[in-house]
Amino acid sequence: MAKAYVFTRYGGAETEALVDIDRPRPGPGQILVAVRAAGVNPVDWKLRDGFRRPGDTGEPVFPIVFGSEASGVVEEVGEGVTGFAPGDEVFGNAAAGGYTQYTLLSAAVTAHKPAALSFTDAATLPVAAATAYDGLRQLALPAGATVLVTGAGGGVGSAALQIARAFGLRAVGVASAGKKDFVESLGAVHVTSGPGWAERARTAVPDGIDAVYDLIGGEVLKDAAGLLADRRKLITAGAPPQEVEALGGEWVRRARTAAVLDELAGLVVRGTLDPHVTLTFPLERAEEALRAVEDGHARGKVVIEVAA
């Protein structure tokens, strides 16, 4: 058996529970991992609320373990898996949820963890940092262009600001006034979120904004679209595809490859990317970790650490 933090039906926090589940068995192309850390992301609570990601098919089978990214130690490999063996330290996309003692990783989206990369930092890369990386690659901006990131104080946003700088871009981050110092510490221009933020962005960047990477959706996404002359340079990971497509933009296209994870690990090891893990919780306090992200006040990244 394994401890896991799950939701038992669609709904709010009342659907969540820490339970015992059967230890999963790896199928073809999968790796069983003893989890050491799991990243916490906004999509975790959105899925509990009933959000469906592009490509999601079939009916859900409850209970569902929270979490989509994890790091840990290989316990067993499934049929057809090569390049991984028991004892290897790895990180990747969690096919069976991350908030648990044991999970399954897809071998195609799993990377070996460098010794210089902590389990905690590695657990932030498969979803948060990789989403930031994939989106910026999708925008394909030339060096010197300006990209604006909404929701810039969170895990994806803070990674996007740093990766943008690594790509030679000028970064503008929209975040609360309380996160001004944090955004500026990442080398970005800060714009205070809230009513009127788009006008503040125009004032802060009078020569114009070339692209927007939205992580909020709703009215923020609509306001962001108005900043662009070319709506094809509007992408979102914070709203349903139909919402951004109606504005002339696109949903973020995820690469989901081990090569991207290797690249991100290298950025962290070289000091170019700091995951900025600001809060950690043991698995027994997973509810607190999720609330910290769902409340929208967390700065940087929140991680659940699982004892060996």
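Residues numbered from 1 in each chain as written. Predicted model: local features only at pLDDT ≥ 70, side-chain atom pairs only at ≥ 80, totals over all residues. Heavy atoms only, no water.

Q: Looking at this structure, how should I read the packing of helix α3 (residues 125-139) against helix α4 (residues 155-166)?
A: A pair of packed helices is characterised by two quantities: the angle between their axes and the separation of those axes. Close contact between α3 and α4 brings their axes to 8 Å; oriented N to C, the two are set at 45°. By the angle between their directions, the pair α3 and α4 is classed as oblique. Helix-helix and strand crossings are classified by hand; for α3 and α4 the assignment is right-handed. Contacts from Ala128, Ala129, Thr131, Ala132, Tyr133 and Leu136 of α3 reach α4 at Gly155, Val156, Ala159, Ala160, Ile163 and Ala164. (Axes fitted to C-alpha atoms, helices over the stretch in contact; angles between N-to-C directions. Helix = DSSP H or I, 4+ residues; strand = E, 2+ residues; numbered from the N terminus. Parallel < 35°, antiparallel > 145°, perpendicular 65-115°, else oblique. Left-handed = near helix turned anticlockwise from the far one by under 90°. Contact = heavy atoms within 4.5 Å.)

Q: Hey, could you run me through the pairing of strand β9 (residues 170-175) in this one?
A: Within a regular beta strand, the side chains point alternately toward one face of the sheet and then the other, so they alternate between its two faces. Of all six residues making up β9, five are buried, and the element is well covered by its neighbours. Pairing between strand β8 (residues 146-150) and β9: five bridges, direction parallel. Bridge pairing links Val147 to Ala171 in β9. As a crossover connection, the stretch from β8 through α4 into β9 is right-handed. (Buried < 20%, exposed > 50% of the residue type's maximum accessible area, 1.4 Å probe, protein only. Pairing = 2+ DSSP bridges. Right-handed = clockwise from strand over helix to strand, strands pointing away.)

Q: I'm lost on the sheet that holds β9 in this one. Help?
A: One open sheet accounts for six strands, arranged β10-β9-β8-β11-β12-β13; its pairing is parallel. Lying at the two open borders of the sheet, with one neighbouring strand each, are β10 (189-192) and β13 (250-251). Strand contacts of α3: β8, β11 (211-214), β12 (234-236) and β13, with the helix running at about 155° to β11, the strand carrying the most contacts.

Q: Looking at this structure, how should I read empty space enclosed by the protein?
A: Vacant regions in the atomic arrangement are exposed by a probe of water-molecule size rolled over the atoms. Counted by the stated rule, this structure contains one cavity of 30 Å³ or more. Lining the largest cavity, in full, are Thr124, Ala128, Ala129, Gly155, Ala159, Leu273, Asp274, Pro275 and Lys301. Broken down by secondary-structure element, the contributors of at least two residues to the lining of the largest cavity are α3 and α4. Grouping the amino acids of the lining of the largest cavity by side-chain chemistry returns five nonpolar, two polar and two charged. (1 Å grid on protein atoms, 1.4 Å probe; cavity = no way out; pocket = protein on both sides within 12 Å on 5 of 7 lines; lining within 4 Å. Points joined across faces, edges and corners; volume = space filled by probe spheres on them. Nonpolar A, V, L, I, M, F, W, Y, C, P; charged D, E, K, R; others polar.)

Q: Explanation requested: the pairing of strand β7 (residues 102-112) in the structure shown.
A: Here strand β3 (residues 30-40) pairs with β7 via five bridges, running antiparallel. Bridge assignment links Ile31 to a residue of β7, and that residue is Leu105. Pairing between strand β6 (residues 89-94) and β7: four bridges, direction antiparallel. Bridge assignment links Val90 to a residue of β7, and that residue is His112.

Q: What is the right way to look at the nonpolar core in this model?
A: General note: in soluble globular proteins, nonpolar side chains tend to be found buried as a group. Counting 43 residues, the largest nonpolar core has Leu125, Leu136, Tyr213, Leu264 and Leu273 as its most contacted members. Contributing elements (two or more residues each) for this core: β7, α3, β8, α4, β9, α5 (180-185), β11 and α9 (258-269). A total of eight residues in this core trace back to one element, the largest contributor, which is α3. Each residue touching Leu273, except ones within four places of it in the same chain, is listed here: Leu125, Ala129, Ala159, Gln162, Ile163, Leu264, Leu267 and Val268. Core analysis: the next-biggest nonpolar cluster, separate from the first, contains 28 residues, Ala38, Ala107, Ile304 and Val306 among them. (Core = buried A, V, L, I, M, F, W, Y, C linked by side-chain atoms within 4.5 Å.)

Q: Help me out: how do you make sense of the sheet that holds strand β4 (residues 64-65) in this one?
A: Hydrogen bonds between backbone atoms are what pair the strands of a sheet, whose relative direction is either parallel or antiparallel. Judged by pairing direction, the sheet is antiparallel, and its three strands sit side by side in the order β2-β1-β4 without closing on themselves. Bordering the open sheet on either side are β2 (16-21) and β4, each of which pairs with just one other strand. Relative to β4, strand β1 (residues 2-7) is paired through two bridges, and the arrangement is antiparallel. Across the sheet, the residue bridging to Phe7 is Ile64, located in β4.

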